[in-house]
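Each chain, written out:
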Amino acid sequence: MNELLTRAKVSFRRHAPRQVSWPLLRARMYWMSGLDDVHNFGDQLSPFIVDRLFRLQFKYSGIDAADLIAVGSLLNFGLTHMTGQTKPVVWGSGFILEGGPWAGHPVEWRAVRGELSRARVQHLTSRRLAVGDPGVLVPLAFPELASVPKRHRIGLVPHHSDGQVDAVLRAAAHPDVHVVNAVAPARQVLREIAACEVVLSSSLHGLVIADALDIPNAWTPVSDNLHGGAYKFADYYSGFQAEPNPQDLPEMVKGNDAWAASWRPMPGRDDQVKNLIEAFPAPRRPQAYAASPDRRSLVSQFD
């Protein structure tokens, strides 16, 4: 009986429209679970965003069995670990290494993180791919972040591999600096970032979330520890027709008032929000979404 039920589920998942199969069978999503029990908050955002926005609860699976792949630099990993068992939807993922066109198993392309990633996969689909990291949807998925009071002048979000780098330890001793632990639970990290007046980060998603929340921010690389180097940053910023602009962490801590006053939100971010939502293959989606006049909150209504 169990074997027959399993076969029936496999057949249903394979042939039924996802608008039916995803809600009924609790679809499967891959996100980077972390190495050595390190769970980077950015890699954990996918299930929260999808649950909040589209009322879909996904269960974790390996990348070779996933129905959906979203937040993170997952495409290089997919090249070597997808077996063709499923044809997952890619929604907002990106490459972490330079390279040529996608040469992996077929997937359904809906959105990728940046223009650098799009250039490597657009030829595989007739659909014009949306561009953007789904992290930009955080204010829409978590509107309560708009009311978090500012408690910290400077939020420092080091990549989990940078936590013990000398530059980070010295900056952490500054009285205006609050260090945000990037491997804390994702919702805790979001609240801590929202409580900062400015953000300095060597973590990509520290910058993505700060951009999404209209918090002045700067990329402050402090080591050569990150796999792929600057590529994923260049990919993210290419989605705004911009380039990464690395800054010196000690100088930014000392002179934060000047650069924060001149900071401006990323142009085209609201278009990314709209395009990402429209690109998601969901049975339910936000019926309306709009930025407030000061661009500091997003309002959603669900059908």
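The structure contained in this document is the topic of the report that follows. (Residues numbered from 1 in each chain as written. Predicted model: local features only at pLDDT ≥ 70, side-chain atom pairs only at ≥ 80, totals over all residues. Heavy atoms only, no water.)

Attention shifts here to the environment of Ile277. If you trace the backbone, Ile277 turns up in helix α13 (residues 269-279). When the C-alpha atoms of Ile277 and Trp91 are compared, they prove to be 9.8 Å apart, with 186 residues separating the residues in sequence. (Helix = DSSP H or I, 4+ residues; strand = E, 2+ residues; numbered from the N terminus.)

So, about the pattern of salt bridges. Within the structure shown, the criterion is met by 10 salt bridges. In this structure, Arg28 engages Asp67 in a salt bridge whose closest nitrogen and oxygen atoms are separated by 3.6 Å. Of this pair, Arg28 sits in strand β1 (residues 28-30) while Asp67 sits in the loop between β2 (59-60) and β3 (68-69), placing them 39 residues apart in sequence. Side by side, Arg28 and Asp67 carry an identical accessibility label, which is buried. In this structure, the salt-bridge partner of Arg269 is Asp270, at a minimum N-O distance of 3.6 Å. The exposure class of Arg269 is buried, given its relative accessible area of 5%. Looking at Asp270, the relative accessible area reads 29%, which means it is partly exposed. Salt bridges linked by common partners bring Asp214, Arg269 and Asp270 together as one network. (Salt bridge = Lys/Arg side-chain N within 4 Å of Asp/Glu carboxyl O. Buried < 20%, exposed > 50% of the residue type's maximum accessible area, 1.4 Å probe, protein only.)

The axes of two packed helices give the description: the angle between them and the distance between them. Contact pair helix α9 (residues 204-212) / helix α10 (residues 231-238): the axes reach a minimum separation of 10 Å and the direction vectors enclose 20°. Put simply, α9 runs roughly parallel to α10. In terms of crossing hand, the pair formed by α9 and α10 is right-handed. Residues Leu204, Leu207, Val208 and Asp211 of α9 form the contact with α10, whose own contacting residues are Lys232, Phe233, Tyr236 and Tyr237. Across the contact of α9 with α10, the residue classes break down as 6 nonpolar, no polar and 2 charged. (Axes fitted to C-alpha atoms, helices over the stretch in contact; angles between N-to-C directions. Parallel < 35°, antiparallel > 145°, perpendicular 65-115°, else oblique. Left-handed = near helix turned anticlockwise from the far one by under 90°. Contact = heavy atoms within 4.5 Å. Nonpolar A, V, L, I, M, F, W, Y, C, P; charged D, E, K, R; others polar.)

All quantities given are derived from atomic positions and should not be read as evidence of function.
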